[in-house]
Amino acid sequence: MNKFELSRNAFGKLVLASEEGVFEGVVPVRAFPIAAPESDIALVDVDGHELAWIDSLDELPAEARTLLEEELKNREFLPEIRQIRHVSTFAVPSTWEVDTDRGLATFVLKGEEDIRRVAHETLLIADSHGVQFLIRDVQALDKASRKLLDRFL
């Protein structure tokens, strides 16, 4: 990992200061946002050129880690489903009411093909507007949620 410091400028943009210079408008990009969200993160400039590589967020000082986590959260919108409360019908399209890490959400599932397995126990569900919802670990869901989900898998 390169040695660098992170801060925000007066406009709220992320600023990276390193031996190579000072770069404004730096953007963090996860290499593996679903499989390894805490590791392998590139800091790129406005043209997409890599300025620094972070093997793990744990390596960063607390302040830099907080800045990066805030920036990633604002940049990426991937609500993680924690519970499936209700499904309107087991045929598609169906309306789902779910609890996520960002609060209660309701969405329409157009077709069963909109539920994709991206790892052994990890699913991505696309709603009718293209918003992606993540189930990181199907087995971590409560029994009722798994039972509802099983009807679509």
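Structural notes, computed from the coordinates.

### Some details on the packing of aromatic side chains
Two numbers describe a pair of aromatic rings. These are the distance of the centres and the angle of the planes.
Logical step 1: Taken as a whole and judged by the stated rule, the model has four aromatic pairs.
Logical step 2: Seen in terms of ring centroids, tryptophan 96 and phenylalanine 152 are 5.0 Å apart; in terms of plane orientation they differ by 50 degrees. Their pairing is tilted. Of the two residues, tryptophan 96 is situated in strand 8 (residues 94-100) and phenylalanine 152 in the segment after helix 2 (143-150); the sequence distance between them amounts to 56 residues. Residues tryptophan 96 and phenylalanine 152 agree in their burial class; the two are buried.
Logical step 3: One aromatic cluster is present, built from ring pairs that chain together Phe90, Trp96, Phe107, Phe133 and Phe152.

### Observations concerning the side chain of glutamate 80
Logical step 1: By secondary structure assignment, the location of glutamate 80 is in the loop between helix 1 (62-75) and strand 7 (81-87).
Logical step 2: One polar contact links glutamate 80 to arginine 136, side chain to side chain, over a distance of 3.4 Å.

### Observations concerning unusual backbone geometry
Glycine aside, the phi torsion of most residues is negative, and most peptide linkages are trans.
Logical step 1: Here the bond from valine 92 into proline 93 is cis, since omega is 5 degrees, no more than 30 degrees from zero.
Logical step 2: Turning to its location among the elements, proline 93 is positioned in the loop between strand 7 and strand 8.
Logical step 3: With phi around 55 degrees, aspartate 40 is a residue other than glycine that occupies positive phi space.
Logical step 4: Within the secondary structure layout, aspartate 40 lies in strand 5 (residues 39-44).
Logical step 5: Taking relative accessible area as the criterion, aspartate 40 reaches 22% and is therefore assigned partly exposed.

### Digging into the pattern of salt bridges
Oppositely charged side chains may form a pair once their charged atoms are brought near each other.
Logical step 1: Applying the stated criterion across every chain, the model contains nine salt bridges.
Logical step 2: In this structure, the salt-bridge partner of arginine 85 is aspartate 99, at a minimum N-O distance of 2.9 Å. With a gap of 14 residues between them, arginine 85 in strand 7 and aspartate 99 in strand 8 connect regions that are remote in the sequence.
Logical step 3: Bridged by salt links that share partners, the residues Glu38, Asp58, Arg65 and Glu69 form one connected network.

### Some points on the sheet that holds strand 9 (residues 103-109)
Logical step 1: If you walk across this open sheet you meet the three strands as 7-8-9, and the pairing is antiparallel. A strand with exactly one partner marks an edge of an open sheet, and here the two such strands are strand 7 and strand 9. Across this sheet, the average inter-strand angle for adjacent strands is 30 degrees, counted without regard to direction.
Logical step 2: Relative to the sheet, helix 2 contacts strand 7 and strand 8, its axis offset from that of strand 7 by approximately 65 degrees.

### Here's the deal with the layout of surface pockets
Logical step 1: When its volume is computed, the largest pocket comes out at roughly 440 Å³.
Logical step 2: Lining the largest pocket are 17 residues, with Arg30, Glu76, Leu78, Asp101 and Arg102 sitting closest to its centre.
Logical step 3: In terms of residue count, the dominant contributor to the lining of the largest pocket is helix 1 (three residues).
Logical step 4: Each residue belonging to the lining of the largest pocket can be placed in one class, and the counts come to seven nonpolar, no polar and 10 charged.

About the cut-offs
Residues numbered from 1 in each chain as written. Predicted model: local features only at pLDDT ≥ 70, side-chain atom pairs only at ≥ 80, totals over all residues. Heavy atoms only, no water. Phe/Tyr/Trp six-rings, centres within 6.5 Å; stacked < 30°, edge-to-face > 60°. Helix = DSSP H or I, 4+ residues; strand = E, 2+ residues; numbered from the N terminus. Buried < 20%, exposed > 50% of the residue type's maximum accessible area, 1.4 Å probe, protein only. Polar contact = N/O pair within 3.5 Å; in protein donor to acceptor, adjacent residues only side chain to side chain. Salt bridge = Lys/Arg side-chain N within 4 Å of Asp/Glu carboxyl O. Pairing = 2+ DSSP bridges. Axes fitted to C-alpha atoms, helices over the stretch in contact; angles between N-to-C directions. Contact = heavy atoms within 4.5 Å. 1 Å grid on protein atoms, 1.4 Å probe; cavity = no way out; pocket = protein on both sides within 12 Å on 5 of 7 lines; lining within 4 Å. Points joined across faces, edges and corners; volume = space filled by probe spheres on them. Nonpolar A, V, L, I, M, F, W, Y, C, P; charged D, E, K, R; others polar.

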